[in-house]
Amino acid sequence: MNHGKIIPMSKRLIIGNWKMNPGTPEEAKKLVRKTKRAALGLVKTEIVVCPPFPFLTACVPRKKEANFKVGAQSVSAEEGVGARTGEVSATMVRAIGAEYAIVGHSEQRKVGESGNSDTDETVSKRLNAALNAGLVVILCVGEKARDENGTYLEELKNQIKNSLLNTPKKFASKIIIAYEPVWAIGAQEAMNSEQIYETSIFVRKIFADVFGADNGLKAKVLYGGAVNFRNAYEIMTVGKVDGLLVGRESVNAPGFVELIKAVDKITA
């Protein structure tokens, strides 16, 4: 199996987070075929799809595909192998041929049915496990609510700094920050594009505080939250982000293809 090379970080990046979709391996393969076809002619954009764990093997290309990679929706906070029933390690994900991993998604940070939730400490462990396994990490951060006095910025700063705690500087180029305000996930409308731009500057500043000014300038910042083919162009151009983390639209093949085309056409 060809694990390929990690993509140049200068390209725009569209991450398709399939969440708990679709229902069968056949549907997953069909969705991948359509996405790969759309990726073939891209010039400035890379696509990464993140299917559920059972479909990873079916989605990883057998040979190198132009502008197309596969990632996991999460990885275990524990490294290697061991007595961790129900867990999937970063080394297993990498061995399958996936090259990316999402960590700290808002749906994992919030308390679920089990009563467990990802803390910044858990996210930090997942992130470092993924980096040590050779994966590129998409670190999700975002405030629960946006207030007028700006206390949400403190929440965002703490999330970023705590999630990157104990991460060696050498891994800075393998970390992508996906800003996804929790209140915008699954909403009808995306966040205001001017506010996305302002927040992306803040995110880069905090990243620079952790890893140095040079790495802050090079940091790739994505936006996620109610992204679709209708608003992708404005978010990218006015919000000035480096890419998008796409949820429900990524399993709507026609809409996702249109979104990909819109992003790749941006000239600036």
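Numbering of residues begins from 1 in every chain and follows the order in which that chain's sequence is written. Only residues with pLDDT of at least 70 get local features here, since the model is predicted, and only at 80 or more are side-chain atom pairs given and counted; chain-wide, interface and lining totals rely on the full set of residues. Computation of side-chain values: all heavy atoms of the structure, hydrogens and water removed.

**Q** Would you mind going over the nonpolar core in detail, with residue names and values included?
**A** What tends to happen in soluble globular proteins is that the nonpolar side chains get buried as a cluster. Grouped together as the largest cluster of nonpolar side chains are 65 residues, with contacts concentrated most on Leu139, Ile175, Tyr223 and Leu244. Pairs of residues are marked as contacts when any of their non-hydrogen atoms sit within 4.5 Å. Those residues in contact with Ile175 that lie beyond four places of it in its chain are Leu127, Leu131, Val137, Leu139, Leu164, Thr167, Phe207 and Phe211. By size, the runner-up hydrophobic cluster in this structure holds 13 residues, among which are Ile15, Cys50, Tyr100 and Ile102. Only buried residues count toward a nonpolar core. Its members are Ala, Val, Leu, Ile, Met, Phe, Trp, Tyr and Cys residues joined through side-chain atoms within 4.5 Å. For every residue, the accessible area (1.4 Å probe, protein chains only) is compared with the maximum for its type, and the residue is labelled buried under 20%, exposed over 50%, or partly exposed between those bounds.

**Q** Account for the packing of helix 1 (residues 25-39) against helix 10 (residues 253-264), naming residues and giving values.
**A** Relative orientation of the contacting elements helix 1 and helix 10 amounts to 20°, with a least axis distance of 10 Å. Considering their axes alone, helix 1 and helix 10 lie roughly parallel with respect to each other. Here helix 1 runs over helix 10; the crossing is right-handed. Along its contact with helix 1, which presents Leu31, Lys34, Thr35 and Ala38, the element helix 10 presents Ala253, Phe256, Val257 and Ile260. Classifying every residue of the contact of helix 1 with helix 10 gives six nonpolar, one polar and one charged. To obtain an axis, a line is fitted to C-alpha atoms, over the contacting stretch when the element is a helix, and the angle between two such axes runs from 0 to 180 degrees between their N-to-C directions. Only DSSP runs of H or I covering at least 4 residues are called helices, and only runs of E covering at least 2 are called strands; the numbering of each starts at the N terminus. Roughly parallel means an angle under 35 degrees; roughly antiparallel means over 145; roughly perpendicular covers 65 to 115; every other angle is labelled oblique. For a crossing to be left-handed, the near helix must be turned anticlockwise from the far one by less than a right angle; the clockwise case is right-handed. Residues were grouped as follows: Ala, Val, Leu, Ile, Met, Phe, Trp, Tyr, Cys and Pro as nonpolar; Asp, Glu, Lys and Arg as charged; and all remaining residues, including Gly, as polar.

**Q** Hey, could you go over the sheet that holds strand 3 (residues 68-72) for me, with residue numbers and the actual values?
**A** Reading around the circumference, 1-2-3-4-5-6-7-8 is the order of the eight strands in this closed barrel, with parallel pairing throughout. Averaged over all adjacent pairs, the angle separating strand axes in this sheet is 25°, with direction ignored. The pairing of strand 4 (residues 100-103) with strand 5 (residues 136-141) spans four bridges and is classified as parallel. Residue Ile102 lies in a different strand from strand 5, and its bridge partner there is Ile138. Seen against the sheet, helix 7 (residues 193-211) touches strand 6 (175-179) and strand 7 (220-224) and runs at an angle of roughly 145° to strand 6. For two strands to count as paired, DSSP must find a minimum of two bridges between them.

**Q** Would you mind going over the pairing of strand 3 in detail, with residue names and values included?
**A** Of all five residues in strand 3, five are buried; the element is thus mostly enclosed. Covered by surrounding structure in strand 3 are Phe68, Val70 and Ala72 together with Lys69 and Gly71, the residues of both alternating faces. Here strand 2 (residues 45-50) pairs with strand 3 via three bridges, running parallel. When the bridges of strand 3 are listed, Val48 appears paired with Lys69. Direction of pairing for strand 3 relative to strand 4: parallel, over a ladder of two bridges. Bridging from a neighbouring strand, Ala72 pairs with Ala101 of strand 4. Orient the strands so they point away from the viewer, and a crossover whose first-strand-to-second-strand path over the helix runs clockwise is right-handed. Remark: the strand 3/helix 3 (residues 90-96)/strand 4 crossover connection has right-handed handedness.

**Q** Explain unusual backbone geometry to me, and be specific about the residues and the numbers.
**A** Negative phi characterises most residues that are not glycine, and trans characterises most peptide bonds. The amide bond that connects Asn21 to the next residue, Pro22, takes the cis arrangement and shows omega of -10°. Counting through the fold element by element, Pro22 comes out in the loop between strand 1 (12-17) and helix 1. Within the chain, Lys19 stands out as a residue other than glycine whose phi angle is a positive 55°. When you line up the elements, Lys19 lands in the loop between strand 1 and helix 1. Judged by relative accessible area, Lys19 falls into the partly exposed class, the value being 22%.

**Q** Break down the environment of Lys19 for me, citing the residues and quoting the values.
**A** Taking C-alpha positions, Lys19 is 7.8 Å from Cys50, a pair spaced 31 residues apart along the chain. Among residues more than four places away in sequence, those in contact with Lys19 are Cys50, Pro52, Gln73, His105, Glu107, Ile185 and Gly247.

None of this, on its own, says anything about what the molecule does.
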